[in-house]
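For reference, the chains in residue letters:
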Amino acid sequence: MTFRSVGILILSALTLACGGDGGSSPTDPPTTAILRGLVHTEPTGPPISGVEVRVQGRSAQTAADGTFRFEGLTPGMANTVLTKEGFEPLTAVLTLNSGDNFYSLGMRAIP
C-alpha cells in the first residue's frame, strides 16, 4: 500500500464518519420532504392549538399559533389526518415534494 492509497482511505473514512456519502454536496437537492402547516377554523378564522396531526405514521400537535412541522418525510402523496375535540375530523391527501412544503388547513367546528 502506497502513501497515496493510505491518504485516500483515511479521507474516505473521515468523509463517511462526518456524515458524507462521498457523492453529495451542499448544492444537491433534498431527498426528503418537510411538511409545515397552519391549522385554522374554516374558512379563514383564527388558528387552532392542540390539533393532532398525523402523517406517514407520525403525529404532532399544533402549537399555540396553530402551526405544525414534520421533517424527514417521504415525498409523494400523503394521507394527513387532523383531529381535535369540538371539530370535525379532517382528512386531506397532500402532495409532498422534496424540500419544504406548506399547507393551510381549515377545520370546521361542531355546532
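Student: When you look at the confidence of the model for the protein in this model, what are you seeing that I'm missing?
Tutor: In low-pLDDT regions, the fine details of the predicted coordinates are not to be read closely. Put simply, the protein has an average pLDDT of 83, and 75% of its residues get 70 or more. For the stretch residues 1–20, pLDDT sits under 50, and the model shows 5 contacts to residues farther than four places along the chain or on other chains.

Student: Where do I start with unusual backbone geometry in this structure?
Tutor: Peptide bonds are trans in most cases, and residues, glycine excluded, mostly fall at negative phi. Looking along the chain, the bond that leaves E42 and enters P43 is cis, with omega of 5°. With respect to the element layout, P43 can be found in the loop between β1 (33–41) and β2 (52–55). We note that Q56 has phi near 50°; this positive angle belongs to a residue other than glycine. Tracing the sequence through the fold places Q56 in the loop between β2 and β3 (58–61). Residue Q56 is classed as partly exposed on the basis of its relative accessible area of 35%.

Student: Before we go on, may I ask you to explain the environment of S49 in this structure?
Tutor: With respect to the helices and strands, the residue S49 is situated in the loop between β1 and β2. Sequence-distant contacts of S49, defined by excluding residues within four places in its chain, comprise T62, A63, A64 and K84.

Student: Looking at this structure, I do not really get the pattern of salt bridges. What am I missing?
Tutor: Enumeration over the complete set of coordinates arrives at 4 salt bridges. Its salt-bridge partner being E42, residue R108 comes within 2.8 Å of it at the nearest N-O pair. Taken together, the positions of R108 in the segment after β7 (99–107) and E42 in the loop between β1 and β2 put the pair 66 residues apart, joining distant regions of the chain. A salt bridge links R54 to E52, with the shortest nitrogen-to-oxygen separation between them at 3.5 Å. Of the residues examined, R54 reaches a relative accessible area of 33% and is grouped as partly exposed. Exposure remark for E52: the relative accessible area of 26% places this residue in the partly exposed category.

Student: Even after reading the chapter, I still don't get the environment of M77, so can you show me in this structure?
Tutor: Relative to the assigned elements, M77 resides in strand β5 (residues 76–83). Assessed through its relative accessible area of 60%, M77 is described here as exposed. Note: C-alpha distance between M77 and V93 (16 residues apart in sequence) is 6.4 Å.

Student: Before we go on, may I ask you to explain the pairing of β5 in this structure?
Tutor: The side chains of a regular strand alternate between both faces of the sheet. With 4 bridges connecting them, β2 and β5 associate as antiparallel partners. The residue bridging V55 from the neighbouring strand is T80, located in β5. Strand direction decides the pairing type here: β5 and strand β6 (residues 90–96), joined by 7 bridges, are antiparallel. The residue bridging L82 from the neighbouring strand is L90, located in β6. Between the end of β5 and the start of β6, which pair antiparallel, lie 6 residues, with G86 showing a positive phi angle near 95°.

Conventions adopted
Along every chain, residues carry numbers that run from 1 in the direction the sequence is written. Per-residue local features are limited, in this predicted model, to residues with pLDDT of at least 70; the limit for side-chain atom pairs, both in listing and counting, is 80 or more; totals at the level of whole chains, interfaces and linings are taken over all residues. Only hydrogens and water are set aside; all other atoms, that is, all heavy atoms of the structure, feed into the side-chain values. pLDDT is a per-residue confidence score from the predictor, ranging from 0 to 100. By definition in these notes, contact holds between two residues if any of their heavy atoms fall within 4.5 Å. In DSSP terms, a helix is any run of H or I states spanning at least four residues, a strand is any run of E spanning at least two, and both are numbered starting from the N terminus. To sort residues, take the accessible area from a 1.4 Å probe on protein chains only and compare it with the maximum for the residue type: under 20% means buried, over 50% means exposed, and anything in between is partly exposed. Any carboxyl oxygen of Asp or Glu that lies within 4 Å of a side-chain nitrogen of Lys or Arg is treated as forming a salt bridge with it. At least two DSSP bridges between two strands are needed for those strands to be called paired.

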